[in-house]
Amino acid sequence: MNGKIFLDKAMFSRDERVLFESGSFKVSTFKYSTGIEAVTLRNGKGYITMLPYMGQMIWDMEFLGHNMVMKSIYDEPEVCSYSYGESYGCFMMHCGLTAMGNPTAEDTHIPHGELPIAKYKEAYVIFGEDEKGKYIALSGVYSHKRAFELNYDFVPECRLYEDASTVEITVNFTNNKDLPLEYFYLCHINYRPVDGAKLIYTAKPENVYAHMEVPEGYPEPDAQKTRDYIEKINKDSTIMNTIDRATQSYAPEIVFTCKYDADNDGNAHTMQLLPDGYSCYVCHRPEELPFGIRWIARTKDEDSLGMVLPATAEHKGYLYCKERGYEKYLDSGKTVTYHMTTGILSPAESEQMKNKIENI
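Residues numbered from 1 in each chain as written. Predicted model: local features only at pLDDT ≥ 70, side-chain atom pairs only at ≥ 80, totals over all residues. Heavy atoms only, no water.

(A) A look at the overall build of the chain. Broken down by element type, the chain carries three helices and 21 strands. A globule of 360 residues ought to have a C-alpha radius of gyration of about 21 Å, and the chain, at 20 Å, matches this closely. With the C-alpha coordinates aligned to their principal axes, the bounding extent of the chain is approximately 55 × 50 × 45 Å. Scored against the burial criterion, the 360 residues of the chain give a buried share of 57%. (Helix = DSSP H or I, 4+ residues; strand = E, 2+ residues; numbered from the N terminus. Rg over C-alpha atoms; globule rule 2.2 N^0.38 Å. Buried < 20%, exposed > 50% of the residue type's maximum accessible area, 1.4 Å probe, protein only.)

(B) Seen up close, unusual backbone geometry. Of note, the bond from Gly 96 into Leu 97 is cis; its omega dihedral lies within 30 degrees of zero at -10 degrees. Position of Leu 97 among the secondary structure elements: in strand E7 (residues 92-97). Here the amide bond leading from Glu 220 into Pro 221 is cis, since omega sits at 5 degrees, within 30 degrees of zero. Unlike most non-glycine residues, Gln 56 shows phi in positive territory, near 50 degrees. Tracing the chain through its elements places Gln 56 in the loop between strand E5 (46-51) and strand E6 (57-63). Classification of Gln 56 by relative accessible area gives buried; the value is 1%. A positive phi angle, near 65 degrees, is found at His 112, a position not held by glycine. Note on placement: His 112 falls in the loop between E7 and strand E8 (122-130).

(C) Layout of the sheet that holds strand E21 (residues 335-345). Taking strand neighbours across the sheet as the criterion, the nine strands line up as E1-E8-E9-E10-E11-E21-E17-E16-E13 in an open arrangement whose pairing is antiparallel. Looking at which strands have only one partner, the edges of the open sheet turn out to be strand E1 (3-6) and strand E13 (198-201). In this sheet, neighbouring strand axes are inclined to one another by 15 degrees on average, regardless of whether the strands run parallel or antiparallel. Both E1 and E8 contribute to a ladder of four bridges, which runs antiparallel. (Pairing = 2+ DSSP bridges. Axes fitted to C-alpha atoms, helices over the stretch in contact; angles between N-to-C directions.)

(D) Spotlight on helix H3 (residues 347-358). Its 12 residues give H3 an end-to-end C-alpha distance of 16 Å, which sits within 8% of 16 Å, the value for a rise of 1.5 Å per residue. Turning to H3, its buried residues are Ser 350, Met 353 and Ile 357. Here the buried residues of H3 occupy an arc of 70 degrees about the axis, which is enough to place them on one side. Across H3 from its buried face, at more than 90 degrees, point the exposed residues Ala 348 and Gln 352. Buried residues in H3 make contact with E13, strand E16 (268-273), strand E17 (279-284) and E21. (Expected span 1.5 Å × (residues − 1). Arc of directions from axis to C-beta. Contact = heavy atoms within 4.5 Å.)

(E) Local environment of the environment of Lys 232. As for its position among the elements, Lys 232 is in helix H1 (residues 222-235). In sequence terms Lys 232 and Ala 210 are 22 residues apart; their C-alpha atoms lie 9.7 Å from each other.

(F) Main features of the packing of aromatic side chains. By the definition in use, this model includes 19 aromatic pairs. Pairing Phe 20 with Phe 127 gives two aromatic rings, centres 5.0 Å apart and planes at 15 degrees, and the pair type is stacked. Taken together, the residues Phe 20 in strand E2 (residues 17-22) and Phe 127 in strand E8 connect sequence positions 107 residues apart. Here the aromatic residues Phe 154, Phe 173, Tyr 183, Tyr 185 and Tyr 338 are joined through ring pairs into a cluster of three or more. Seen from the ring of Tyr 201, Arg 294 lies directly overhead, with NZ or CZ sitting 4.2 Å from the centre. Here the guanidinium or amino end of Arg 324 rests over the ring plane of Tyr 320, the centre of that ring lying 3.6 Å away. (Phe/Tyr/Trp six-rings, centres within 6.5 Å; stacked < 30°, edge-to-face > 60°. Lys NZ or Arg CZ within 6 Å of the ring centre and 35° of its normal.)

(G) Main features of the pattern of salt bridges. What the rule picks out here adds up to 17 salt bridges. One salt bridge connects Lys 204 with Asp 261, and the closest N-O pair in it is separated by 2.6 Å. Pair noted here: Lys 204 is in the loop between E13 and strand E14 (208-210) and Asp 261 is in the loop between strand E15 (254-258) and E16, with a separation of 57 residues, a long-range link. Judged by its relative accessible area of 39%, Lys 204 falls in the partly exposed class. Arg 285 is the partner of Glu 288 in a salt bridge, and the nearest nitrogen-oxygen pair spans 3.6 Å. Relative accessible area serves as the criterion here: at 16%, Glu 288 is assigned to the buried category. Judged by its relative accessible area of 33%, Arg 285 is partly exposed. (Salt bridge = Lys/Arg side-chain N within 4 Å of Asp/Glu carboxyl O.)

(H) Quick look at the nonpolar core. One finds Phe 154, Tyr 185, Tyr 191 and Phe 256 to be the most contacted residues of the largest nonpolar core, which totals 105 residues. The greatest single-element share of this core, amounting to seven residues, is contributed by strand E12 (residues 181-189). Beyond its immediate sequence surroundings of up to four residues, Phe 154 is in contact with His 94, Leu 97, Leu 115, Tyr 120, Gly 140, Val 141, Tyr 142, Val 171, Asn 172, Phe 173 and Tyr 185. (Core = buried A, V, L, I, M, F, W, Y, C linked by side-chain atoms within 4.5 Å.)

Read these as geometric descriptors, not functional statements.
Here is the structure:
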């Protein structure tokens, strides 16, 4: 049986409340001490905790005994009045649609656009079964409207299958306006880097490029150390493939553009193969999202490996993308859909995926 449970804010309190339970599945609601509502989807292998009314972010994730969410200064999500930077510590957030990336001095949009902290008025839990098996999911509708200019509905879904240690992320959005919708999209997935781990992915070394973007005024000699490392990467991108804080510099961050190759099914694959044999994993479709943005930040406060952020464009703001023709358009009444998978693979699954990647 397939069905939906529509959420209401009255369902959330500081005490956890079980909303749905069947077999290994459990769906519960609660509020963080900051007042932010959260939903946890759980199966026998782990869980994801999402913020149904705040961007439908995945705030926390743990599978197979591994919690691999980025390190940040935020233990809990905070109320944001302007941008996601007021509460940045999530595992995944959606970015776009009217703009995406870091604005330049000439840009007028907020960092990564309106989607990261979009306020959802409608959110719901889905349960059902398909050809892959039984699942539970969180979804909702964010409607973005601006008189005479914009009218779109953005509908994400995070689906957890009964025996899975990964989640399937689907986004679809519909242009309700009688004019084409100009849009940009990026899925920001933030794992924690582990020294000694290996990055394995279906992008050739010559198709990986690091951007020289050390912020002006960043303290020396850290800034020079990062600039020197970027120059080394752009001569040989494979030197980043073993995670090693001692010989690498990602302070405050380095951002890369990667052009991925796909397998026969159209999927590109990225792994952080951990020293214990498990791996962090992302699958995306380059035909849908042609840019694989990599973001790595390793500071005292932030430790994050965005090993691939599937995107329609690069990360450098609206005007930069417009100058290069990266914008996309959606005709009136049309819908576009993107697909991603992410989570933790067991040692056996990791070995199998490693062999698959190496044969692409």
